[in-house]
Each structure stands twice: as structure tokens, then as C-alpha cells.
Amino acid sequence: MPKILVTGGTGFIGSHTVVELHNAGYEVVIIDDFSNSSHKILKQIEAIIGIVPECVALDLCDESKVNEFAAQHPDVAGVIHFAAFKAVGESVQKPLEYYKNNFYSLINVINAYKRSLSLVFSSSCTVYGQPDVLPVTEFAPTKKAESPYGNTKQIAEEILQETCAVTPSLHVISLRYFNPVGAHSTALIGELPIGVPQNLVPFITQSAIGKRGQITVYGNDYDTADGSAVRDYIHVVDLAKAHVAAIRRLEAKKAESNYEVFNLGTGKGSTVLEIVNAFEQSTGEKLNYAIGPRRNGDVEKVWGDVTKSAEVLGWKAELGVEDMMRSAWNWEKYLKDNPF
Ligand code: WQD
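Here is what the cut-offs are and how they apply
Residues numbered from 1 in each chain as written. Predicted model: local features only at pLDDT ≥ 70, side-chain atom pairs only at ≥ 80, totals over all residues. Heavy atoms only, no water. Helix = DSSP H or I, 4+ residues; strand = E, 2+ residues; numbered from the N terminus. Rg over C-alpha atoms; globule rule 2.2 N^0.38 Å. Buried < 20%, exposed > 50% of the residue type's maximum accessible area, 1.4 Å probe, protein only. Contact = heavy atoms within 4.5 Å. Areas by Shrake-Rupley, 256 points an atom, 1.4 Å probe, with all protein chains shown as cover. Lys, Arg positive; Asp, Glu negative; His and termini not counted. Charge placed at Lys NZ, Arg CZ, Asp CG, Glu CD. Near = heavy atom within 4 Å. Polar contact = N/O pair within 3.5 Å; in protein donor to acceptor, adjacent residues only side chain to side chain. Nonpolar A, V, L, I, M, F, W, Y, C, P; charged D, E, K, R; others polar. pLDDT = per-residue confidence, 0-100. Pairing = 2+ DSSP bridges. Axes fitted to C-alpha atoms, helices over the stretch in contact; angles between N-to-C directions. Salt bridge = Lys/Arg side-chain N within 4 Å of Asp/Glu carboxyl O. Core = buried A, V, L, I, M, F, W, Y, C linked by side-chain atoms within 4.5 Å.

## Quick word on the overall build of the chain
In terms of helices and strands, the chain carries 11 helices and 13 strands. In terms of C-alpha radius of gyration, the chain reaches 19 Å, essentially the compact-globule figure of 20 Å for 340 residues. On the principal axes, the C-alpha backbone points of the chain span a range of 55 × 45 × 40 Å. Split into buried and exposed, the 340 residues of the chain put 54% on the buried side. Of the contacts made within the chain by residues no fewer than 6 positions apart, 80% connect residues no fewer than 24 positions apart. Entry remark: accessible area of the chain is about 14900 Å², with carbon and sulfur atoms responsible for 51%. Of note, the chain has its 31 positive side-chain charges centred 2 Å away from the centre of its 40 negative side-chain charges.

This is the structure we're talking about:
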């Protein structure tokens, strides 16, 4: 069976993608430096799929180590590149670390396979900033990033597009994620935020379980249905399945261009207060929250036009907000009884 390299494969989206690749009949090898994940995730993946995927711990910024890996794994049929630093706030404090890590790792992987590679790149809707038109399509212009993290995604896409333009042997699909949330239905893998969660849903579940205090809703004076900001929340399992669809498309080699971009969202927007309500409705847990000031750098409203993903990639999100909230809560309860 074809072997897929998943860099960052023990992370939140990476681990769910490893499971879905296995379910789709692929062999998986992981590279991870475990800087933002736990070795225990490998055991959790084994509990779901019955085998422990091969996992090599190395720093993708170390060119010689990455070349050594590629020499030992010449049979990799494709790469899904998740490995990157991704904390928006931290990136503002540590820009050089973010630019070095996020670009060196990507470039080293491409060069190690002699630029003859099928690669799925983990990108983000942050490249759109606050779109002028909603829902936002892949043809919308990118806007100046609000953070070095967002900038690394924009520049990485440019690196890939420009390299593909002069490298026919390199085939790339960039996947622009909207807001990944939720956890696997087994509650054995999920989001493992380090420290105080910056993202909404992990803060909600940690507040509900008693690990955190009151939730602050950052602003209710936006021009939206209830004044709180709008995002396109997508279940991490749906997101993982989209990566399998992207690998399949690269295998088929039917694309006209060797560089393609797809939005991965549900095509629907939810306000923060709607998410709070959906969590309470689907779990029966009462949340302790209050309205606070807007958060710097937040866009007001963004949700994706996912027509291209449906028509070209042949993928559509299937799980709704209730399942996102229930699965996130089940994972939080699992963590309480099985701390990592
Ligand atoms: C969602 C909404 C907040 C916390 C970020 C990254 C993006 C991507 C997804 C990686 C916003 C509000 C949040 C809280 C709140 N990550 N909020 N109280 O900022 O849309 O996107 O994560 O690719 O790149 O930027 O996600 O979950 O932080 O916020 O009211 O305690 O929830 O203001 O409106 P965001 P988020």
C-alpha cells in the first residue's frame, strides 16, 4: 500500500489525519519533534487503528537529518506537511523562530525528495484576513497577515506556487483551514493545547470541566446577528478526510496545474455566542461566560465558499456544530480521567 509521510503527525489535525489515512488503506510514517505534542498520542492512535505508525523524532530544520530520513524512506508516495509553529500570539513575540521553523522545515522536506514530490500543505483562512466578499472563495486576494504566524502561511503558499511554476516534478495542494474543532468519536485523540488555550473551543471545554474560569466573549459589538464574531468551525475529522481526498487527487495526477488551493470549511458561519449555546445544548453543561472587549487582531466575520472543494476535490464536510461540541467535550472528560 502507498506510504504517506505525515510531518507533525502527532499533533491535533495530524493525528486525526493519520487515522483517516489508515482507514483509507495507506501506510503512514510520521516525523515529529514533539515540541507541541505528546508521545502518548502514538499509543492513542494504536488504540484506534490497531497499529503503531512508524514515527521518527527529528527536527525538520536539520537539513542533514531530513536528507537521511528521505534516503531511508525513498518509497514515500506523498507528504502531508503539518509541522509548524502555530500560536498566533506567540508568533508576535518570537517572529524569527516562527519564520525559521516554518520555512526551513518546508524547504528541507521538498529538497530532501529532490523536489520530485506530491505534497499537501497545511494552510489557513488567515491568509484572507477580513475578506471584502463573503463567503470567501479561493480566488479572493490574500491580505496583509495580522501576525507572523499568518504571514508564514501566506509566504509558504507563495514559495510553493513559485517553485511549482518552475518544477514540473513538484505537485502541491494547499488546504486553507477555517476553524478546526472537535475530536475523534472514540475521545482517544483531540486537541492538546499547551498552557492556557487561546482558541475558543478548548477554552470552553476547559472552563466547563473546571480547569479554567469564566469564558470571555471577545466583543459583542460586531455587525453580526448577535454582535459576536463569526467563524466557519469545521470538525477535525472532516478536515482529516479532506487530506485523504487531496492525496488521492495528487495520486490521480489529473489536475491541470501542479499547484492548487482549496478551502476547507463547512460554508456556514457561527457566532461565538451561537457556539456557546450549541455547546450548552449538545452537552447539557451550563457555561460561565461574560462579554468582554474585542481581541486585537480578530477579524469580524469569515466563512468559506466550499464549492471548489466539493466539485473539484470531491470532499464536503458532513459533521455539524453539535457533533463538534459533543466530541470536544467527550475528549475533555477523557483527559480529566487520563491526564497526558
Ligand atoms: C474564534 C473566535 C475570538 C477565545 C485562530 C487562528 C487561525 C487558526 C484557528 C491555525 C474569535 C473568539 C476566542 C476566547 C472568544 N489556527 N474567542 N473567547 O482566532 O478565528 O483563528 O485559530 O491555523 O490561524 O488565527 O480562532 O478560536 O482563537 O477564536 O470570544 O476565549 O472566538 O475572538 O472571534 P481564530 P479562535
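## Let's talk about the site of the ligand
In the vicinity of the ligand lie 17 residues, with Y149, L200, T216, R231 and D298 positioned nearest. N199 is positioned with one of its side-chain polar atoms (N or O) 3.0 Å from an oxygen atom of the ligand. Take L200: an N or O atom from its main chain is 2.8 Å from an oxygen atom of the ligand. Protein contacts shield 90% of the accessible area of the ligand, which totals 690 Å² for the unbound molecule. Looking at which element gives the most residues to the shell around the ligand, the answer is strand β8 (residues 215-218), with 3 residues. Along the lines of polarity and charge, the residues of the shell around the ligand split into 8 nonpolar, 6 polar and 3 charged.

## Quick word on the confidence of the model for the chain
Any region with low pLDDT has predicted coordinates that should not be read closely. The predicted model of the chain has a mean per-residue pLDDT of 97, with 100% of residues at 70 or higher. The lowest-confidence element of the chain is helix α4 (residues 88-93), averaging 92 in pLDDT; the highest-confidence one is strand β10 (residues 233-235), averaging 99.

## Re unusual backbone geometry
The omega angle of the peptide bond from L134 to P135 is -5°, so this bond is cis rather than trans. Within the element layout of this structure, P135 appears in the loop between β5 (117-124) and α6 (148-165). Residues other than glycine seldom take positive phi values, yet F34 does so here, at roughly 55°. If you trace the backbone, F34 turns up in the loop between β2 (27-32) and α2 (40-49). Judged by relative accessible area, which is 13%, F34 ranks as buried. The phi torsion at A187 lies on the positive side, around 60°, for a residue other than glycine. When you line up the elements, A187 lands in the loop between β7 (179-181) and α7 (200-209).

## Let's talk about the sheet that holds strand β3 (residues 54-57)
Spatial strand order, β3-β2-β1-β4-β5-β6-β11: 7 strands in an open sheet with parallel pairing. For this open sheet the edge positions go to β3 and β11 (259-264), each flanked by a neighbour on one side alone. On average, adjacent strands in this sheet sit at an angle of 20° to one another, irrespective of strand direction. Sheet strands touched by helix α8 (residues 236-252): β1 (3-7), β4 (76-81), β5, β6 (170-177) and β11. Its angle to β6, the strand with the most contacts, is close to 160°.

## A look at the pattern of salt bridges
Inspection of the entire model under this criterion finds 11 salt bridges. A salt bridge links K301 to D223, with the nearest nitrogen and oxygen atoms 3.7 Å apart. Taken as a pair, K301 in the loop between β13 (289-292) and α10 (307-313) and D223 in the loop between β8 and β9 (230-231) lie far apart in primary sequence, 78 residues in all. Here D223 falls in the exposed class, since its relative accessible area comes to 57%. With its nearest N and O atoms 2.7 Å apart, the salt bridge here joins E260 to R249. In this pair, E260 is assigned in strand β11 and R249 in helix α8, connecting sequence segments 11 residues apart. According to the relative accessible area criterion, R249 is buried, its value standing at 19%.

## Examining the environment of H81
Among the secondary structure elements, H81 is positioned in strand β4. Overall, the relative accessible area of 2% leaves H81 in the buried class. Placed 215 residues apart in sequence, H81 and N296 show a C-alpha to C-alpha distance of 29 Å. Contact partners of H81, with chain neighbours within four places excluded, come to T7, L60, S105, L106, V109, L119, V120, F121 and S122. Polar side-chain contacts of H81 include one of 3.3 Å to the backbone oxygen of A83.

## Notes on the nonpolar core
Core analysis: the largest hydrophobic core is formed by 36 residues, its most contacted members being L21, L175, L264 and L313. When contributions to this core are tallied by element, the ones reaching two or more residues are β1, α1 (12-23), β2, α2, β6, α8 and β11. Broken down by element, this core gets its largest block of residues, 9 residues, from α8. Once you skip the residues sitting within four places of it in the chain, L175 turns out to touch V120, F121, S122, S123, S124, A242, H243, A246, F262, L264 and L313.

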